[in-house]
Amino acid sequence: KGEQAGIWEANSRATAYTPHTCSELGSTKCEGSVCGDTAKGERYSGVCDKDGCDFNPYRMGAKSFYGTGANFTVDTSKPMTVVTQFLTHNGTDAGDLSEVKRFYMQD
């Protein structure tokens, strides 16, 4: 099956990574109800899961991980580098996705 992902959905107060599984393999041009058009009442008619399964540190219990100010592990008032790694079961580019890792680097 295919995959679509919100790699970095964020602002200064919240961050999330959201994978969306898809029922079709590879790239697909989005046209008509295949897109899951919410305005037309077709949100769940598309080939990809519109809601996805997000990972949000705050919602996962890390209340002081990401936000504005020195009291957060990642202080969004300062520059940062965000790295997302896609790891496969065999460590090759052709392997099956087995893990997604996210790193926030600052200072």
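Refer to the preceding data block for the structure.
Residues numbered from 1 in each chain as written. Predicted model: local features only at pLDDT ≥ 70, side-chain atom pairs only at ≥ 80, totals over all residues. Heavy atoms only, no water.

Enquirer: Please set out the environment of F55 residue by residue, giving values where relevant.
Expert: Along the chain, the position of F55 falls in the loop between strand 2 (15–22) and strand 3 (66–67). Placed 36 residues apart in sequence, F55 and P19 show a C-alpha to C-alpha distance of 8.8 Å. Those residues in contact with F55, other than ones at most four positions away along the chain, are T15, A16, Y17 and M60. (Helix = DSSP H or I, 4+ residues; strand = E, 2+ residues; numbered from the N terminus. Contact = heavy atoms within 4.5 Å.)

Enquirer: Give me the lowdown on the state of the cysteines, citing residues and values where you can.
Expert: Summed over the entire model, instances satisfying the criterion amount to one disulfide. The side chain of C22 participates in a disulfide bridge whose partner is C48; the two sulfur atoms lie 2.0 Å from each other. Torsion about the S-S bond of the C22 and C48 cystine: about 100°, corresponding to right-handed handedness. Within this pair, whereas C22 is found in strand 2, its partner C48 is found in the loop between strand 2 and strand 3, the two being separated by 26 residues in sequence. Distance from the sulfur of C53, which forms no disulfide, to the nearest cysteine sulfur (C22) is 14 Å. For C53, a relative accessible area of 57% translates into the label exposed. (Disulfide = S-S within 2.5 Å. Buried < 20%, exposed > 50% of the residue type's maximum accessible area, 1.4 Å probe, protein only.)

Enquirer: Would you mind going over the layout of surface pockets in detail, with residue names and values included?
Expert: Empty space among the atoms becomes visible once a probe the size of a water molecule is rolled across them. Approximately 160 Å³ is the volume found for the second largest pocket. Along the walls of the second largest pocket sit T15, A16, Y17, F55, P57, F65, V100, K101, R102 and Y104, which together make up its complete lining. Mapped onto the lining of the second largest pocket, the elements with two or more residues apiece are strand 2 and strand 6 (97–105). Take the lining of the second largest pocket: its biggest share by element is four residues, from strand 6. (1 Å grid on protein atoms, 1.4 Å probe; cavity = no way out; pocket = protein on both sides within 12 Å on 5 of 7 lines; lining within 4 Å. Points joined across faces, edges and corners; volume = space filled by probe spheres on them.)

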